[in-house]
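This is what each chain is made of:
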Amino acid sequence: MAMTLAPAPRGAAKIRGERNPFANSDDNAMMKQILATHAPDGRQMPVGSLLHVVEDIFQRAHFGLGTIAHQGTHAQQMDALEDKAVETGLDEMLEVLSHTISKISCEISCKCSGGGDAHATTVTIFNSVTSYNWDVKVVLALAAFAVNYGEFWLVAQLYLTNPLAKAVAFLKQLPEILERADALKPKFDALNNLIKAMLDVATCIVEFNELPPQYITADTPEMVAATAHIPTAAYWTIRSIVACESQIRGLLGMGHEYIASTTEAWELSSLAHKVSNIHKHLMEKLAECYRHIDEKRHTEAYQLLVRLMETPHIDNIKILKALIYAKDDQLPLFDGSTKRRASIDVLRRKNVLLFISDLDLSHDELFILEQMYQEARQNPSRAESMYDVVWLPVVERSVAWDETKQKQFETLQQMMPWFSVYHPSLLDPAVIRYIKEHWHFIKKPLLVVIDSQGKVVNQNAIHMIWIWGSQAFPFTRQREETLWKEETWRIDLLADTIDPAIFNWIAENKYICLYGGEDIEWIRKFTRNAQAVAREAQISLEMLYVGKSNPREKVRKNNAIIQAEKLSHVLQDITLVWFFWVRIESMWHSKVQHGKSVENDQIMQEIMTMLSFDGSEQGWAVISRGSAEMARAKGETISEALVDYEKWKNPEKGFVNALNDHLHDVHTDHHCNRLILPGVTGGIPERVVCAECGRPMEKFIMYRCCTD
């Protein structure tokens, strides 16, 4: 349904405090005359199709076309034009408008032949179209000029091959004019530039009238500001039509007497400059209207999505289509296993994990997630294999999509063995808004779990995945709670699968020491002392260096030194160092989501202790035997304890228990723990207590990239 552009009120240039950039005192007086002619009767006429015909005439009548095209081609083009006219309703519209077009055509032809006043002629044309909207006025005037202009060039193009055209051209003395085409080129160039500017303005005015009224109305501030300038734009477009017609009429009948005038070309160029500026300004206003429309559409789509997500469904397809791509005109998924495009139907009635991230995705994260995914796929009989992963890359629309971003996206997509959205543009802005507002996506990746009925059963299962892998299937909050009830703080939970040798050490009842930090001198001293004490205590001790949570060059160098000097075992892949710490961070996230704290949960106390170890500048160590006995302390404390081994050794208690008792005895209240909490997607707790003394910790905010 077309929108009626309301007549601009007197003083329209002052609407919303805006000044009309094209109005001066003379223009204001002229515009009062034009506004006085404007009395629309409310008829709606979508003249876009008529404008397309007018554009076609101007394109084909371009200066310099010389020979007639093949008749067969012309016949085909005419058939296509007639078909389009019927299809768009242009046929019926022309039955109403053809008389007005003919009348204006005669009006400008007659008045411009005598070199009359351009403004007076323009006012006459406006009087002829007084009952039409502004867009119809402009298109009718352009159509009338196109008839005259088209006839002129039709004769000019055909006079060499068509006897009738030759006779008409002879009477109009066109051959003599065209023989001096080089001298007339500046004028025709200026004419073509002005015609292009007029068409641009007309297209813009028509586009305003075609804006969807369900999203923007005539009284919307953006529309009010835009339409205030349309009467001025219409006036200068029709005034330019008069100037163009005058130039064409000036050529006819002059023959050899005609002398090209640079003043005439300058007049056309001056008008083209003015009309082009008007078009630029209107386009800015149109862009504001489209931004308003986009906001309305996005809000509508977002609200629809919110309602859809809250509605029960028989399967997951409707939800997945709403999130990934609502239309059916293409295959929106890319299958990482086959490297081919796929339909959303391949996910029907499956549990789907939506892997949500931006393009700055950590390769460490991707590598570990891929390992877990492939492990689940190796045993298709297991229930864990009954889920699929789909990557949704969240990209800001405000940032230009360039070749670098495309390559970055394709590189990540090719690395993933699961499904992904074929292109980020398939994610609607309303979906991205939903992801941010309802699932709290900021920067860190999420794994949103949707069950086979399309219900969101976990807004972020990534912490479950890091802690338990596919054992966490079906990744619901209830399953997470059950898994925690089965857990105790032990070396198995802390170290998981970072090194397969750990499980062998546990099975062989060996003592296991995990230690970290970056100070290589402390590492040398500690590992040698620990090995010496192990020999004296006659225990089998295995030591493993796990670095820090932000592993960079220091940890790599330490790994190389530890191996070269045979100080202990190391994690060969630095990604596993990252994974060790991200699991501990994930435990913290998971516990916080279930309302656990140091005061009410023993595992949470141990997690906080490990995080405070990592936040400190010194080393630390955890010593365990089997799955139950564990002792831990900061670097200097554990080093001093090893030096004092003779003071606390007690074969009856066992090495770990005796060490624990000693650490408890030497513990002092005078300590300083630095806790760097991992970035969160929900919120940072207001109150966090120290894992050692139970006192509330002072809260700071730290933004960290790397510590090297």
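As a starting point, this report considers the structure included with it. (Residues numbered from 1 in each chain as written. Predicted model: local features only at pLDDT ≥ 70, side-chain atom pairs only at ≥ 80, totals over all residues. Heavy atoms only, no water.)

### A few points about the packing of aromatic side chains
Move 1: Applying the stated rule across the entire model yields 30 aromatic pairs.
Move 2: Between Trp581 and Trp620, the aromatic rings sit 5.7 Å apart at their centres with planes inclined by 85°, giving edge-to-face as the arrangement. Taken together, the residues span a long stretch of sequence, with Trp581 in helix H23 (residues 574-593) and Trp620 in strand S11 (residues 620-625) at a distance of 39 residues.
Move 3: Among the aromatic residues, those joined into a cluster by ring pairs are Phe58, Phe145, Tyr149, Phe152, Trp153 and Phe188.
Move 4: Taking the ring centre of Trp236 as reference, the NZ or CZ of Lys274 above it sits at 4.6 Å.
Move 5: In this arrangement the basic side chain of Arg433 is found over the ring face of Tyr302, its NZ or CZ atom lying 3.8 Å from the centre. (Phe/Tyr/Trp six-rings, centres within 6.5 Å; stacked < 30°, edge-to-face > 60°. Helix = DSSP H or I, 4+ residues; strand = E, 2+ residues; numbered from the N terminus. Lys NZ or Arg CZ within 6 Å of the ring centre and 35° of its normal.)

### Considering H23
Move 1: Along its 20 residues, H23 runs 29 Å from first to last C-alpha, staying within 8% of the 28 Å computed at 1.5 Å per residue.
Move 2: Judged by how many residues are buried, H23 sits mostly within the fold: 17 of 20 residues are covered.
Move 3: Trailing H23 by a residue or two, Gly595 shows a phi angle of about 75°, which is positive. (Expected span 1.5 Å × (residues − 1). Buried < 20%, exposed > 50% of the residue type's maximum accessible area, 1.4 Å probe, protein only.)

### So, the sheet that holds S11
Move 1: Overall, mixed pairing links the 5 strands, which are arranged S10-S9-S8-S11-S12 in an open sheet. With one partner strand each, in any of the chains shown, strand S10 (569-570) and strand S12 (629-634) form the two edges of the open sheet.
Move 2: As paired elements, strand S9 (residues 541-545) and S10 share 2 bridges and run parallel to each other. Paired with Tyr545 across the two strands is Val570, which belongs to S10.
Move 3: Seen against the sheet, helix H24 (residues 602-615) touches S11 and S12 and runs at an angle of roughly 35° to S12. (Pairing = 2+ DSSP bridges. Contact = heavy atoms within 4.5 Å. Axes fitted to C-alpha atoms, helices over the stretch in contact; angles between N-to-C directions.)

### Some words on the environment of Arg583
Move 1: When you line up the elements, Arg583 lands in helix H23.
Move 2: Along the sequence, Arg583 and Trp466 sit 117 residues apart, while their C-alpha atoms lie 5.5 Å from each other.
Move 3: One polar contact links the side chain of Arg583 to the main-chain carbonyl oxygen of Ile467, over a distance of 3.0 Å. (Polar contact = N/O pair within 3.5 Å; in protein donor to acceptor, adjacent residues only side chain to side chain.)

In short, shape yes, function no, at least from these values alone.
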